[in-house]
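Listed below are the residues making up each chain.
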Amino acid sequence: MLSGHVLARDHVSQRAWLDDPSAQLSWEEVQTLPLEPFSGMLSRGFGHSAIWLKLRIDPFKTSPSQQDPDRLVMRIRPVYLDDIQVYDPLAPNGLAGQIGDLQHPGHQTFRGLDMMLPIARGEQSRDIWLRLASTSTRQIEVGVFNVEDLSGRILKQSLVFAGYLGLVALLAVWGLVYWVFGREALIGAFGLKQVFALLFATASLGHLRAFWPDPWPASLLNQLTSIFSIMAVSTAVFFHVLLIRDFKPPVWLRRLLWALLALLPVKLLILALGWPTLALQINMHEVLLTPLFFLLSVLLCKGWDQATPEHPALSKPVVVGFYITMTSFLLVAALPALGWVSGTEIGLYIVQAHGLLTAFLILLMLQYRAHVIKRNQSQTALAFERSLLQSQQDRRMLEEQEKLLTMLAHELKTPLATMTMRLDASASGSPQIRQAIREMNNVIERCLQITQFGDRRLVARTAPLDLVNTLDQAIAACTQAQRIELQAHGPIKADSDSQLVFIILHNLIENACKYGAPNEAIRVTAHVPPTAIPPIALIEVINPPGPSGWPEADKLFEKYYRSPHARRQAGTGLGLFLERQLAQVLGGHVDYEPQDGCIRFVVRIPLEAINATPVSPESHLG
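Residues numbered from 1 in each chain as written. Predicted model: local features only at pLDDT ≥ 70, side-chain atom pairs only at ≥ 80, totals over all residues. Heavy atoms only, no water.

Draft legend 1. Local environment of the overall build of the protein chain. Within the protein chain, the secondary structure is distributed over 15 helices and 18 strands. Residues counted as buried form 48% of the 622 residues belonging to the protein chain. Counting contacts in the protein chain only where the partners sit at least 6 residues apart, residues at least 24 apart contribute 77% of the total. Surface accessibility of the protein chain: about 30,800 Å² in total, with carbon and sulfur atoms responsible for 60%. (Helix = DSSP H or I, 4+ residues; strand = E, 2+ residues; numbered from the N terminus. Buried < 20%, exposed > 50% of the residue type's maximum accessible area, 1.4 Å probe, protein only. Contact = heavy atoms within 4.5 Å. Areas by Shrake-Rupley, 256 points an atom, 1.4 Å probe, with all protein chains shown as cover.)

Draft legend 2. Region of interest: the packing of aromatic side chains. In this structure the tally under the stated criterion is 11 aromatic pairs. Consider the rings of phenylalanine 294 and tyrosine 323, whose centres lie 6.2 Å apart with planes at 65°: the pair is edge-to-face. Of this pair, phenylalanine 294 sits in helix H9 (residues 276–300) while tyrosine 323 sits in helix H10 (residues 316–337), and the two are 29 residues apart along the sequence. What makes phenylalanine 294 buried here is its relative accessible area of 1%. In this structure, arginine 183 packs its charged tip against the face of tryptophan 179, placed 4.3 Å from the ring centre. A cation over an aromatic ring shows up here: arginine 580 above the ring of phenylalanine 557, its NZ or CZ 3.7 Å from the ring centre. (Phe/Tyr/Trp six-rings, centres within 6.5 Å; stacked < 30°, edge-to-face > 60°. Lys NZ or Arg CZ within 6 Å of the ring centre and 35° of its normal.)

Draft legend 3. Focus on the sheet that holds strand E4 (residues 50–57). Taken together, 6 strands build an open sheet; the order of strands is E2-E1-E4-E10-E6-E7 and the sheet is antiparallel. Only two strands of the sheet have a single partner each, and these edge strands are strand E2 (36–37) and strand E7 (95–99). Of the pairings in the sheet, the one linking E4 to strand E10 (residues 126–133) comprises 7 bridges and is antiparallel in character. Among the inter-strand pairings, leucine 53 is bridged to a residue of E10, identified as leucine 130. (Pairing = 2+ DSSP bridges.)

Draft legend 4. Structural view of the confidence of the model for the protein chain. Residue-level pLDDT values for the protein chain average 81, and 84% of them are 70 or greater. Counting contacts from residues 1–8, a segment whose pLDDT is below 50, to residues more than four positions away or on other chains yields 18 contacts. In the predicted structure, residues 612–622 sits below a pLDDT of 50 and forms 26 contacts with residues beyond four places in sequence or in another chain. (pLDDT = per-residue confidence, 0-100.)

Draft legend 5. Highlighting a nonpolar patch on the surface. A surface patch of nonpolar side chains, about 490 Å² in accessible area, is lined by Val173, Val177, Trp179, Val180 and Phe181. Take phenylalanine 181: it is sitting in helix H3 (residues 147–182). For phenylalanine 181, a relative accessible area of 72% translates into the label exposed. (Patch = residues over 30% accessible without salt bridge, like charges linked within 9 Å, V, L, I, M, F, W, Y side chains within 5 Å. Salt bridge = Lys/Arg side-chain N within 4 Å of Asp/Glu carboxyl O.)

Draft legend 6. Main features of helix H14 (residues 498–515). Between the first and last C-alpha of H14 there are 26 Å, a value that for 18 residues agrees with the 26 Å anticipated at 1.5 Å per step. Most of H14 is tucked away, with 15 of its 18 residues classed as buried. (Expected span 1.5 Å × (residues − 1).)

Draft legend 7. Seen up close, the side chain of aspartate 10. Position of aspartate 10 relative to the elements: it lies in the loop between helix H1 (4–8) and strand E1 (12–20). By relative accessible area, aspartate 10 is classed as buried at 3%. One polar contact links the side chain of aspartate 10 to the main-chain amide nitrogen of valine 12, over a distance of 3.1 Å. Setting aside residues no more than four positions away along its own chain, aspartate 10 makes contact with Arg15, Lys61, Val142, Gly143, Val144 and Phe145. (Polar contact = N/O pair within 3.5 Å; in protein donor to acceptor, adjacent residues only side chain to side chain.)

Draft legend 8. Spotlight on the packing of helix H7 (residues 251–260) against H9. At a closest axis distance of 11 Å, the pairing of H7 and H9 adopts a crossing angle of 160°. Taken together, the axes of H7 and H9 lie roughly antiparallel to each other. Regarding H7 and H9, the two cross each other, and that crossing is left-handed. Along its contact with H7, which presents Trp252, Leu253, Leu256, Leu257 and Leu260, the element H9 presents Glu286, Thr290, Phe293, Phe294, Ser297 and Leu300. Among the residues forming the contact of H7 with H9, the class breakdown is 8 nonpolar, 2 polar and 1 charged. (Axes fitted to C-alpha atoms, helices over the stretch in contact; angles between N-to-C directions. Parallel < 35°, antiparallel > 145°, perpendicular 65-115°, else oblique. Left-handed = near helix turned anticlockwise from the far one by under 90°. Nonpolar A, V, L, I, M, F, W, Y, C, P; charged D, E, K, R; others polar.)

Draft legend 9. Representation of the side chain of asparagine 511 within the structure. Looking at the secondary structure, you find asparagine 511 in helix H14. Once you skip the residues sitting within four places of it in the chain, asparagine 511 turns out to touch Gly516, Leu576 and Glu579.

Draft legend 10. Representation of unusual backbone geometry. In this model, arginine 77 is joined to proline 78 through a cis peptide bond whose omega is 0°. As for its position among the elements, proline 78 is in the loop between strand E5 (71–77) and strand E6 (83–87). Here the phi dihedral of arginine 183 falls at roughly 55°; this positive angle occurs in a residue that is not glycine. With respect to the secondary-structure elements, arginine 183 resides in the loop between H3 and helix H4 (185–204). The backbone of aspartate 596 shows a phi angle near 55°, a positive value even though the residue is not glycine. For aspartate 596, the location among the structural elements is in the loop between strand E17 (589–592) and strand E18 (599–606).

Draft legend 11. Region of the structure containing the sheet that holds strand E11 (residues 139–145). Pairing in this open sheet of 5 strands is antiparallel, and the strands run E3-E11-E5-E9-E8 from one edge to the other. Looking along the sheet, the strands with just one partner apiece sit at the ends: strand E3 (42–43) and strand E8 (110–111). Where E5 lies against E11, 5 bridges are found, and the strand directions are antiparallel. Across the sheet, the residue bridging to arginine 75 is glycine 143, located in E11.

This is the structure:
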C-alpha cells in the first residue's frame with residue numbers, strides 16, 4: 001500500500017527467520033541457532049509454531065529526525081497478528097515491548113492503524129529479535145523508521161484506507177437500499193456481503209483497533225476480527241451461489257453449491273470450541289477453492305443453452321470472464337496467506353483490493369442485468385399490450401359473427417318451420433323433404449352450440465336424472481329407432497345435466513344409424529362398473545361399419561373432420577367434436593374404442609356432479 005520511498009528510509013538492512021516448532025525456545029537459545037534470510041514480507045501460513053525474526057538495524061541509514069532524534073519506530077503489519085514480543089539488546093532485561101491484537105491497543109505508545117513500537121536509535125548497528133505467535137495466518141512485514149518519516153506516510157495511508165472504507169460502505173448502502181425497495185434476493189445478498197466486507201476491512205486495516213474503547217477487553221477485538229473474516233467469506237459465497245443459480249446449473253451442482261454454505265456454522269462452531277487456527281485455516285482454503293468451483297459451475301450451467309423467457313440476462317463470456325478475474329486475484333491473495341508462496345507488502349492488502357475490484361465488477365454486472373431485465377420486461381409488456389389489443393379486436397369480430405350467425409339461424413329456422421307445417425304428408429317425396437329440413441335444422445343447431453361452447457358460456461345445469469330414461473328418449477328421437485337394441489339394467493341415477501346428456505347420446509346413436517351398415521342392428525348398452533372410483537356410468541354405442549367405412553381414429557374428434565366416404569351424407573363435421581366437449585363440461589369423456597369388427601363409442605358420465613355450476617335456463621343451450 002505504501003510506496004518504495006518508505007522502504008528506502010527503512011532502517012532494517014538485513015532480515016532472517018527461524019521456525020520454533022515447540023514454541024519453547026528462549027531469546028538466548030535462538031541467538032545460537034542458524035537462521036534463514038528473507039526480504040520484504042515473511043509468509044508462513046497457519047500453524048502453532050512460533051516464528052522468530054532477526055532484524056539488523058542501521059540507526060544512521062537516514063539522518064535523525066528533529067522531532068525525536070533518539071528514537072525509531074518499529075511498524076508491524078498486519079494488525080490481526082496475536083502476539084509479538086520484541087527483544088532489543090538496548091532495552092532493560094532485553095524485552096523492548098509486547099504487541100499484538102491480544103494486547104489492548106490503548107496501551108500502545110503510538111496508537112494508529114498499524115502496530116507501532118518505539119525503540120532506541122542506538123549508536124551502532126545491532127540485531128533486534130521478534131517472536132511471533134498467532135492463530136491467524138502468519139504473514140508479517142516489519143519496518144523501522146524515523147518518527148517524522150513514518151508520520152507523513154501514515155497520514156497518506158489513513159486517507160487511502162478511509163477512501164477505501166467509504167467506497168465499500170457506499171456499495172453496502174446501495175445494495176441494502178436497492179433490496180429494501182426491490183426485495184430482490186440477489187441484491188440483498190450483495191448488500192449483506194458488502195456489510196461484512198466493511199466490518200472485516202475495519203478490523204484488518206486497523207480502524208477497529210485504533211478506536212477500540214479502553215474498557216473493552218483486547219480478547220474481544222481478536223474474536224471479532226476472526227468472526228468478521230469468516231462472515232465476509234461466507235456471505236460472499238452466499239451471493240455467488242444465488243448469482244450462479246440464475247444460470248441454471250445441473251441439479252447435483254446446485255446441491256453442492258448450497259452445501260458450501262454449511263461451512264459457515266462449522267467454522268463458527270470450531271471457533272467457539274477454542275480452535276481459531278483451524279477455523280481460519282478452513283476459511284482461507286475456502287477463499288482459495290470456492291472461486292475455482294464457481295468457475296467450473298458457470299462453465300457447466302445450461303441456462304445459456306435454453307431459448308426460454310428465463311434466459312440469463314448476463315452473457316456467458318461476461319460471467320466466465322468475471323470469475324476468471326476473481327479467481328486470479330484470490331489466488332494471489334490466498335497462496336501467500338497459506339504460506340505456499342512468498343508474499344510482498346502489497347499482498348497484505350490484496351484481499352481488500354480484490355474485494356473492492358470484484359464489488360465494482362459485480363455492481364456493473366448487476367446494473368447491466370437490471371438493464372437487460374427492464375428491457376425484456378418492456379418488450380414483454382409491449383407484446384402483451386399488442387396481444388391484448390389483438391384479443392379485443394378478435395373478440396369484437398367473434399361477437400359480430402355470433403350476432404350474424406344468430407340472426408341467420410333465426411331467419412332460416414322460421415321459413416323451415418313454415419315449410420314443415422305446410423308440407424303435405426301425402427305428397428310425393430314428402431319424407432325426403434322432411435329429412436332434408438331436419439338435417440338443415442341440425443346444422444343450424446350445431447353451429448349455435450359450437451358458438452356458445454367457444455365463448456365458454458356453456459356450463460352444466462345439474463339435477464337428478466335417470467340415464468336409462470334419457471337413453472330411451474334419445475333413441476325415440478332417432479330416425480331409425482327400430483334398429484336400436486338397448487341393453488340396460490336400470491334405473492341408473494346420476495346428478496348431471498339431462499339436456500347435455502341427451503345431446504351426446506342422441507348424436508352418437510343418430511350417427512350410428514346414419515353411417516352404420518344399413519338394416520343392421522345397433523346395440524346400445526348402459527351399466528355402472530362396480531370398481532370405478534369415482535362412480536361412473538358406462539354407455540356404449542356399437543354398430544358394424546357401413547359404406548363410409550372405418551373412421552380415422554386420430555382425426556375423429558377434430559373440428560370439421562369428415563372421412564372421405566362420409567361426405568356423401570349431409571353433415572358439418574362438428575358432431576363428435578361437440579360431443580367430446582360437452583362430455584368434458586359434465587366431467588366425463590367420449591372415446592372411440594373399436595371392438596370385434598364393430599365401430600364402438602364409449603361414453604363415461606360421472607354419477608356425481610363434477611365442476612358443474614347451476615345456471616339459469618336462459619344461459620343454456622337452445
